[in-house]
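Overview (structure and organization)
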Amino acid sequence: MKNFKKIIALALAALMLLSFAGCHKKDEVAVTVGDVEFTSAYYMCALINADSEAKSKVYENLTEEEQQSGDIDYYSQKIDDKDYVEWVEDTAMDSLKTIAAYKTLCKENKVEVKEEDLSNAKMYASYYWSNYGYAAYFEPNGVSQDTYTKYMEDSYYSEAYFEHLYGAEGEKAVAEDEVKTKMYENFVIANLLTANYTSEMKDADKTALKDKFNAYATALQNGSRTFKDVYDEYNNVTEEEKDTATSEEESDTPKPKDEYASIIGAEDTGYDAEYYEAVKAMATGEVKVIELEEGAGLVLAVKQDIAADEYYLTTLDMTVRHLIKDDEFEKAVKTYAKDMKVDINKFAVKQFKVKKIIEPSYN
């Protein structure tokens with residue numbers, strides 16, 4: 001019976017696509033913002049992404065019982081005081097306006113997206129399409145892999161324009177001293193061993209693990225063992241794996257002085273960790289076993305000095321510039337986008353209904 005339902009669903013999806021193809025031209029322009037044209041399929045791609053974002057917002061605001069019910073009426077919910085469908089449609093259109101603004105600003109300032117970024121966009125699009133089930137989501141809704149790839153490529157215009165303005169050589173470059181200060185305020189580095197408690201673990205297992213971490217900490221403190229020693233032991237690193245790691249060290253790719261150092265950032269830095277404040281409060285070289293919130297597990301941390309390695313100034317440079325200038329940047333682009341002329345081909349757009357977005361069945 002399940003197989004029969006799948007066949008019927010696929011057949012209906014195919015009929016919808018055939019109907020769409022029969023009434024609308026290939027590469028039909030649905031929305032034009034300034035001089036930037038977006039096809040019907042591109043608009044649908046934006047609508048699908050907005051719908052996915054909306055569902056996530058609704059789900060996060062539900063109680064645990066409602067989340068587990070498996071019967072969520074998303075369309076009856078409100079987001080930011082808007083009806084669900086209205087929010088999705090507005091968000092999709094706003095995303096097109098924003099993309100058009102970035103592309104236009106880049107064109108006006110002769111800024112191009114780096115070839116490396118375009119290559120990454122193609123790689124990520126292909127990976128998500130084939131390995132994350134995006135094909136099963138987008139294709140039944142009339143979005144091809146080429147369109148999705150284009151959508152991914154366009155997402156890099158924002159970074160290109162941001163770097164043009166605020167990068168080290170940008171028109172409004174942030175001073176290096178300000179970048180350093182912001183980095184040291186929001187990031188630390190440490191050697192880390194992490195262990196999460198599982199539901200199968202008994203109290204005795206948790207106690208044994210904690211004793212092991214405390215023993216590691218004592219050995220590190222008295223200098224009888226190095227972090228590499230405890231890392232290899234805890235992770236069961238074999239001699240073969242050690243040899244492989246040694247051969248990889250010959251690469252010309254920039255590396256930190258301490259290969260075991262991990263970046264830990266404050267909230268909303270992209271390197272967030274709940275133990276950031278605990279590690280930041282430690283002295284360089286200090287060793288500490290930190291218990292995670294709600295008894296979720298343990299972290300063994302050895303604090304290192306982020307200012308002693310210029311690798312991090314390079315690695316975190318644009319991340320820190322974003323922390324300093326994102327609000328200013330996004331406000332300016334939003335204002336620019338608001339003043340752009342928008343032409344909507346209602347014949348092309350009206351066919352796309354939020355409630356008719358086809359979602360893949362995993363049963």
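Residues numbered from 1 in each chain as written. Predicted model: local features only at pLDDT ≥ 70, side-chain atom pairs only at ≥ 80, totals over all residues. Heavy atoms only, no water.

Describing the packing of aromatic side chains
- Inspection of the entire model under this criterion finds 28 aromatic pairs.
- Between Y102 and F329 the ring centres are 5.8 Å apart and the planes differ by 20°, which places this aromatic pair in the stacked class. Here the residue Y102 occupies a position in helix 4 (residues 84-108), and F329 occupies one in helix 15 (residues 317-338), the gap between them amounting to 227 residues. Accessibility classification places Y102 together with F329 in one group, the buried group.
- Ring-pair connections join several aromatic residues into one group, and the members of that group are Y124, Y127, Y128, W129, Y132, Y134, Y137, F138 and Y148.
- The ring of Y74 has K55 lying over it, and the distance from NZ or CZ to the ring centre is 5.3 Å. (Phe/Tyr/Trp six-rings, centres within 6.5 Å; stacked < 30°, edge-to-face > 60°. Helix = DSSP H or I, 4+ residues; strand = E, 2+ residues; numbered from the N terminus. Buried < 20%, exposed > 50% of the residue type's maximum accessible area, 1.4 Å probe, protein only. Lys NZ or Arg CZ within 6 Å of the ring centre and 35° of its normal.)

Observations concerning the environment of M123
- Its place among the elements puts M123 in helix 5 (residues 115-131).
- Residue M123 is classed as partly exposed on the basis of its relative accessible area, which comes to 47%.
- In sequence terms M123 and M152 are 29 residues apart; their C-alpha atoms lie 9.8 Å from each other.

A look at the sheet that holds strand 5 (residues 187-196)
- Taken in spatial order, the 4 strands line up as 6-5-8-7 in an open sheet, and their pairing is antiparallel. The open sheet terminates on both sides in strands that have one partner only, identified here as strand 6 (261-265) and strand 7 (287-291). Adjacent strand axes in the sheet meet at a mean angle of 45°, parallel and antiparallel pairs treated alike.
- When strand 5 meets strand 6, the two strands line up antiparallel, connected through 5 bridges. When the sheet's bridge partners are listed, V188 is paired in strand 6 with I264.
- Contacts from helix 9 (residues 176-186) reach strand 5 and strand 6, with the element oriented near 25° to strand 5.
- Sheet contacts for helix 10 (residues 203-222): strand 5, strand 7 and strand 8 (297-304); angle to strand 8, the most-contacted strand, approximately 10°. (Pairing = 2+ DSSP bridges. Axes fitted to C-alpha atoms, helices over the stretch in contact; angles between N-to-C directions. Contact = heavy atoms within 4.5 Å.)

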